[in-house]
Amino acid sequence: MKTINRLSLLFGLMLSLSCNKILDVKPEEYIIVADDYYKTEEQLNAALRGAYAILADGTLYGGNMLGRLGLETDEGYESYGSDLATVGDYTVFASDSKILGYYRSVYRGINRANLLLESVDDPTIDIALAERNHIKGQALFLRGYYYLMLATRFGGVPVQLKATRSAKTEDLQIPRSSLKDVYQVVLNDLQAAADLLKPITQVTAGTIATKSAAWGILARTCLYMAGQPLNETARYAEAANWAKKVMETGQHDLNASYQQVFVNLATDKFDTKESIFEVDFWGNGTGIYTNTGGMVGRNNGISYPADDTNIGYSIGAIRPSAWLYEVYESTDLRRDWAIANYYYTGTPRVKTSYTGGTPFQRYCGKFRRESEVLLPKSTTSTPQNFPILRYSDVLLMYAEGINESLNGPNAEANEAINQVRRRGAGLPVNTPNAQVDVNNLLYDDFKAEIKEERARELCFEALRKSDLVRWGDFYNNMKFVLGQVPAGTSSYLVSARSYYGNAMPRDVVWPIPTYEMGVNRKLTQNVGW
């Protein structure tokens, strides 16, 4: 077993073309039984790549999180036929395979991080202190982020801070920790990581965890804890403080073009000023790149059939809601990028502008396969990276944290949200503009503006459901959008009515998977499931 695992890692090293690329290495479960496994810097880095690679798994950002898990909520809905009667349209069962895949993949990521953390401090490994610390910091960051992924979807879960080295049933009997305790693990790991990680100016890609990434995800975690169901409102000030640390580095700024942010993701151009942390996908699914691509644009792009052109196949799984379309002002350049204002029709296919109809028939336009430059374009995978944390999110988290903790915005909070609004209108980010700036708003109006601005800026980036849950808006917003769905029998309208009509108050969390309840007898089910 030890020899096989060592060969697996060496094979992964041979195929890895760049230290910035994440290549999933096998075996699938990545359970290492040898206590003395990692003995070199190269082995530590190979193990680190394995810990990152879980983010790109098809059950997570590599596939299902791109429109097949219902995370878009009031901003958009799942319209792909194979996901009907699943979590994809809020027909949720504890036996749902996508929910199980999410749960198991995230725990694989945690186990990989734990295995690495148990070896990284070995003094016999010949490695510079700065590199050892950076590897350790990345492992802590990933473990903390994986627990955040579990907490937002399931609530309290079993906490495992030691590696699982066997599949014995008795070793897997771990009760659920409280949601508060799981979040505390996230905070502990991310704060420890921030002390060890390099600043973003010392890495070459947004796919590598840095101090800015840790501080930004700490801000996000504090916002989640400040809202429902914990309602630890003192965390709002903490969120603002963590976001401010990112802002004060002087290493970040908004890209002058909102559209270019997503073109960069599609063309493997790193812009670490704007895109602080992203999931790495590359190649076109051929040769040694078979397992390195994802489905960004393929799942959540503008529908396009498989043909011999270079547009790129997309199933068009996500369509927007009328609410999202209407929340944009007509001068907001983000609207027609996030919500495509055209579709492909005819033979050969040509772009055709929408001239009427309903926004429910359109497609997510953020992740456009036509932006890709790598040829040939695959029908099964794409090289587009997916953003987990962008600087605009940091600015909006800061503005929200200030408004909540001070019971109203101050000048800095106004400037933070206004920078995002100015960029959306195609204006200079740092120049005040009375036509788009919001000023002199009181607490309630500013909070309402934050809620809408987060949708305008961050739609389809797998963040909206968590926002609605922490604000206590999930169920009411879903039923509001249901009331907007036009009458008709078109398949997309049937899908929209199903998606918004099926949502129930209990859907703020997913059920603990039935399979896991059978494996771990100490698990208890979420309320309502």
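The rules behind these values
Residues numbered from 1 in each chain as written. Predicted model: local features only at pLDDT ≥ 70, side-chain atom pairs only at ≥ 80, totals over all residues. Heavy atoms only, no water. 1 Å grid on protein atoms, 1.4 Å probe; cavity = no way out; pocket = protein on both sides within 12 Å on 5 of 7 lines; lining within 4 Å. Points joined across faces, edges and corners; volume = space filled by probe spheres on them. Helix = DSSP H or I, 4+ residues; strand = E, 2+ residues; numbered from the N terminus. Buried < 20%, exposed > 50% of the residue type's maximum accessible area, 1.4 Å probe, protein only.

1. Quick word on empty space enclosed by the protein
The tally for this structure, following the rule as stated, stands at six cavities of 30 Å³ or more. What the largest cavity holds in volume is close to 140 Å³. Forming the walls of the largest cavity are 16 residues, and the residues nearest its centre are Y61, Y145, R220, A462 and L463. Considering each element in turn, the lining of the largest cavity owes the most residues, five residues, to helix α4 (residues 129-154). A volume near 100 Å³ is recorded for the second largest cavity.

2. Focus on unusual backbone geometry
Between Q228 and the following residue, P229, the backbone shows a cis peptide bond with an omega angle of 5°. Cis geometry is found at the peptide bond from T347 to P348, where omega equals 0°. Structurally, P348 is set in the loop between β4 (342-345) and β5 (350-353). The phi dihedral of Y90 is positive, around 65°, even though this residue is not glycine. In this structure, Y90 sits in the loop between β1 (76-78) and α3 (97-117). One non-glycine residue, N440, lies in the positive phi region at around 65°. Take N440: it is sitting in the loop between α12 (411-424) and α13 (443-458). For N440, a relative accessible area of 74% translates into the label exposed.

3. Considerations on the environment of G472
Looking at the element boundaries, G472 is found in the loop between α14 (464-471) and α15 (474-482). Residues G472 and V436, 36 residues apart in the sequence, show an inter-C-alpha distance of 28 Å.

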